[in-house]
Amino acid sequence: MKTDVLITVLVDNVAWRPDLQAEHGLSLWIEYGGNRILWDTGQGGVLSANAQSLGVDLAKADSVALSHGHYDHSGGLPLVLSASRADVWLHPSATLCRFSRKETVHPVGMPSKAVESLQARPIHWIKTWTSIYEGVYLTGAIPRKSPYEDTGGAFFLDADCRIPDTLPDDQALVVQSSKGLIVILGCAHSGVVNTLDYVHQTMSGQPVYAVIGGMHLSKVSPVRLDYTVQALKKYDVQIVLPLHCTGEQATYYLRTALPDRTIQLSDGPSIIL
């Protein structure tokens, strides 16, 4: 199946219209082939109001898929699962207790209410590349081969920060559109380049038309930024939509390096590909 894809940004760090609210998080509504997929759920604070403003009925979600288990991608699960009968797709590690260390140590894992909301329904636990609909795939765990990419932060499985968290649950959503593959990221903790390499290999070299989502490039080295741009050029990606954790400086770098390909949502929170 290769048809058009409608993607609506429900939650992002930036509100692109006066009637929308922003929070540190990501949630995308994807319509393709008669199926409605909610990709991540943000923290849960603005999801419902933004969906209503954008004319999206969360109760009609056929599937909810998580890119990984951090709070800013999974916090809205109780809201969505109480309103819909959607199938749920995520990696078994998504529910782990997790911490991030910056100036201080703070929890970043899936909120307890979100974990509880999963217990009352069957879950599709995804570890490897999986087809969830015709033309729609979850990558499962992504091989980490790039010498320039890491998880994008000091992440741990314990509050004492002794056990590193490699974020094995990080995955991408891949959709076969009429113009090529659309690779939809959450935070790309596996690395944008690693993700693109894996998609290219698994999909037998099918062209990648668009890359959309959080890229976790804030505060990375200029070498990694350039490495990412070169990969986007290598795969001849025609549309790049950086969201969420990509970072303002990295987004500016992408727009400068790929001016005809990097887009923003200032013209509206929905795009048709």
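Only a predicted model underlies this, so the values are computations on that prediction, with no experimental measurement involved. (Residues numbered from 1 in each chain as written. Predicted model: local features only at pLDDT ≥ 70, side-chain atom pairs only at ≥ 80, totals over all residues. Heavy atoms only, no water.)

**As for unusual backbone geometry**
In the Ramachandran plot, S204 falls in the positive-phi region, its phi being about 55° despite a non-glycine side chain. Accessibility expressed as a relative area gives 70% for S204, which makes it exposed. The residue H216 is not glycine, and still its phi comes out positive at about 45°. Within the secondary structure, H216 is located in the loop between β14 (208–214) and α6 (222–234). The exposure class of H216 is buried, given its relative accessible area of 16%. (Buried < 20%, exposed > 50% of the residue type's maximum accessible area, 1.4 Å probe, protein only. Helix = DSSP H or I, 4+ residues; strand = E, 2+ residues; numbered from the N terminus.)

**Remarks on empty space enclosed by the protein**
One pass over the full model with this rule turns up one cavity of 30 Å³ or more. Empty space within the largest cavity amounts to approximately 50 Å³. Contributing to the lining of the largest cavity are V9, L10, V11, D12, V14, A15, W16, L20, Q21, N50 and P269. In terms of residues, the lining of the largest cavity owes the most to one element, strand β1 (residues 6–11), which gives three residues. Taken together, the residues that form the lining of the largest cavity break down as eight nonpolar, two polar and one charged. (1 Å grid on protein atoms, 1.4 Å probe; cavity = no way out; pocket = protein on both sides within 12 Å on 5 of 7 lines; lining within 4 Å. Points joined across faces, edges and corners; volume = space filled by probe spheres on them. Nonpolar A, V, L, I, M, F, W, Y, C, P; charged D, E, K, R; others polar.)

**What about the sheet that holds strand β6 (residues 99–101)?**
Spatially, β7-β6-β11 is the arrangement adopted by the three strands of the open sheet, whose pairing is antiparallel. Every interior strand has two partners, whereas the edge strands, β7 (105–107) and β11 (155–156), have only one. Relative to β7, β6 is paired through three bridges, and the arrangement is antiparallel. Directly across from F99, in β7, lies its bridge partner P107. (Pairing = 2+ DSSP bridges.)

**Describing the environment of T195**
Positionally, T195 belongs in helix α5 (residues 192–202). You can call T195 buried: its relative accessible area is 2%. Sequence spacing of T195 and L273 is 78 residues, and the spatial spacing of their C-alpha atoms is 20 Å. If we skip the residues at most four places from it in the chain, T195 touches I142, A172, V183, L185 and S190. (Contact = heavy atoms within 4.5 Å.)

**What to know about the nonpolar core**
Nonpolar side chains in soluble globular proteins tend to be buried together. I7, L28, L173 and I212 are the most contacted members of the largest nonpolar core, which totals 29 residues. The contacts of I7, once residues within four sequence positions are left out, are L28, W29, I30, I182, I184, I212, P269, S270, I271 and L273. Grouped together as the second largest cluster of nonpolar side chains are 27 residues, L185, A188, Y198 and L258 included. (Core = buried A, V, L, I, M, F, W, Y, C linked by side-chain atoms within 4.5 Å.)

**What about the pattern of salt bridges?**
A side chain of one charge can pair with a side chain of the opposite charge if their charged atoms are brought near each other. A complete count under the given rule lists six salt bridges for this structure. With a closest N to O distance of 2.6 Å, R98 and D165 form a salt bridge. Placement of the pair is R98 in the loop between β5 (87–90) and β6 and D165 in the loop between β11 and β12 (173–177), with a sequence separation of 67 residues. The salt bridge partner of R261 is D236, with a shortest N-O separation of 3.6 Å. Pair noted here: R261 is in the loop between α7 (248–257) and β16 (270–272) and D236 is in the loop between α6 and β15 (239–243), with a separation of 25 residues, a long-range link. (Salt bridge = Lys/Arg side-chain N within 4 Å of Asp/Glu carboxyl O.)

**So, the sheet that holds strand β2 (residues 27–32)**
Strand order in the open sheet formed by seven strands is β8-β5-β4-β3-β2-β1-β16, with mixed pairing between adjacent strands. In the strand order of this sheet, the two ends are held by β8 (124–125) and β16, each with one partner. Summarising the sheet, β5 and β8 pair through two bridges and their orientation is parallel. Opposite L90, over in β8, you have W125 as the bridge partner.

**Quick word on the layout of surface pockets**
Reported here for the largest pocket is a volume of approximately 680 Å³. Considering the residues around the largest pocket, the lining is formed by 29 residues, among which H24, K102, G152, H216 and S218 are closest to the centre. Residue classes in the lining of the largest pocket are distributed as ten nonpolar, 14 polar and five charged. Approximately 260 Å³ is the volume found for the second largest pocket. Together, 13 residues line the second largest pocket, and V14, W16, G247, E248 and T251 are the ones closest to its centre. Breaking the lining of the second largest pocket down by element, the ones donating at least two residues are β15 and α7. The dominant element in the lining of the second largest pocket, judged by the number of residues it contributes, is α7, at four residues. Of the residues that constitute the lining of the second largest pocket, the class distribution is five nonpolar, five polar and three charged.

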